[in-house]
Amino acid sequence: MTGMLKPGAILFDWDSTLVDNWPGVTVAMNAALTAFELTAWTESEMRARAKRSMRENFPKIFGPDWEKARDIFYATFEERHLDGLRALPGAEELLLELRAHSILLGVVSNKNGDFLRAEAESLGWAEYFHRIVGATDAPQDKPARDPVDLVLAESGHVPGDGVWFVGDSLVDLQCGLASGCVPVLVGDDPISEADLLKWPPAFHFADCHAMRRTLTD
């Protein structure tokens, strides 16, 4: 562990940070859009539009009947979300190295908590994490700090300089800063210079491999 980088706990976003499950998410979203006679999205559009939680996004997209759209999405996603799930390159190696250095790990995602925990179980990762928190598990979802407080509960850690919040998107930077954690960006998700100035990451890694090398070499 390098001298200047010694987090006691690291909280990870899930999709596009540790795993890729966008094909299944896109199919489920398009099932809901089609049912409401709305234009289907490409996978790249899905990636760009899915940063906020469902309870925040769906009322804007589907209006007062958004709960019907939610049910269609969930029914479709439940059938296939484990089939297309894959770990991003270097993700498992990173988690194993961090555990070996006695760093507490958690997940904070805006994906439904039940699906999130099922995916962690499917990958054999559930035991890596102190707690896995998804959408609706806390009173508010990312970027609010509620899920951070929930994931750290009974961990012996509190938000501060010793806790990193790692994710691929602007909402992760916002959540990290809102909760008082160290915001860390992974990947190359397009974020405007203005947003990066307003919500600056303390560190930016190209991928999980780069983060592992920096923290554990």
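Above this text is the structure in question.
It should be emphasised that the depicted structure is a prediction, and the values quoted were computed from it without experimental measurement. (Residues numbered from 1 in each chain as written. Predicted model: local features only at pLDDT ≥ 70, side-chain atom pairs only at ≥ 80, totals over all residues. Heavy atoms only, no water.)

**Q** Break down the pattern of salt bridges for me, citing the residues and quoting the values.
**A** Two side chains that carry opposite charge are able to pair once their charged atoms sit near each other. Following the criterion strictly, the structure yields 13 salt bridges and no others. Asp 149 is the partner of Arg 145 in a salt bridge, and the nearest nitrogen-oxygen pair spans 3.0 Å. The exposure class assigned to Arg 145 is partly exposed, which follows from its relative accessible area of 34%. Where salt bridges share partners, they join Asp 13, Lys 142 and Asp 172 into one cluster. (Salt bridge = Lys/Arg side-chain N within 4 Å of Asp/Glu carboxyl O. Buried < 20%, exposed > 50% of the residue type's maximum accessible area, 1.4 Å probe, protein only.)

**Q** Please provide a residue-by-residue account of the nonpolar core, values included.
**A** Of all hydrophobic cores here, the largest spans 29 residues; its most connected members are Ile 10, Phe 12, Leu 18, Phe 129 and Met 211. Of all elements in the fold, only β1 (9-12), α5 (91-100), β4 (104-112), α6 (113-123), β6 (163-167), β7 (182-186) and α10 (208-216) reach the threshold of two or more residues within this core. Apart from residues lying up to four places away in sequence, Phe 129 is in contact with Trp 14, Leu 18, Leu 95, Leu 105, Gly 106 and Val 107. Residues Val 25, Ala 28, Met 29 and Leu 33 belong to the second largest nonpolar core, which totals 16 residues. (Core = buried A, V, L, I, M, F, W, Y, C linked by side-chain atoms within 4.5 Å. Helix = DSSP H or I, 4+ residues; strand = E, 2+ residues; numbered from the N terminus. Contact = heavy atoms within 4.5 Å.)

**Q** Talk me through the layout of surface pockets; I want residue IDs and the actual numbers.
**A** Quantified by volume, the largest pocket comes out at close to 290 Å³. Considering the residues around the largest pocket, the lining is formed by 18 residues, among which Ser 16, Arg 47, Leu 88, Gly 187 and Asp 188 are closest to the centre. Sorting elements by how many residues they give to the lining of the largest pocket places helix α2 (residues 43-49) first, with three residues. Residue classes in the lining of the largest pocket are distributed as seven nonpolar, four polar and seven charged. (1 Å grid on protein atoms, 1.4 Å probe; cavity = no way out; pocket = protein on both sides within 12 Å on 5 of 7 lines; lining within 4 Å. Points joined across faces, edges and corners; volume = space filled by probe spheres on them. Nonpolar A, V, L, I, M, F, W, Y, C, P; charged D, E, K, R; others polar.)

Keep in mind these values describe shape, not function.
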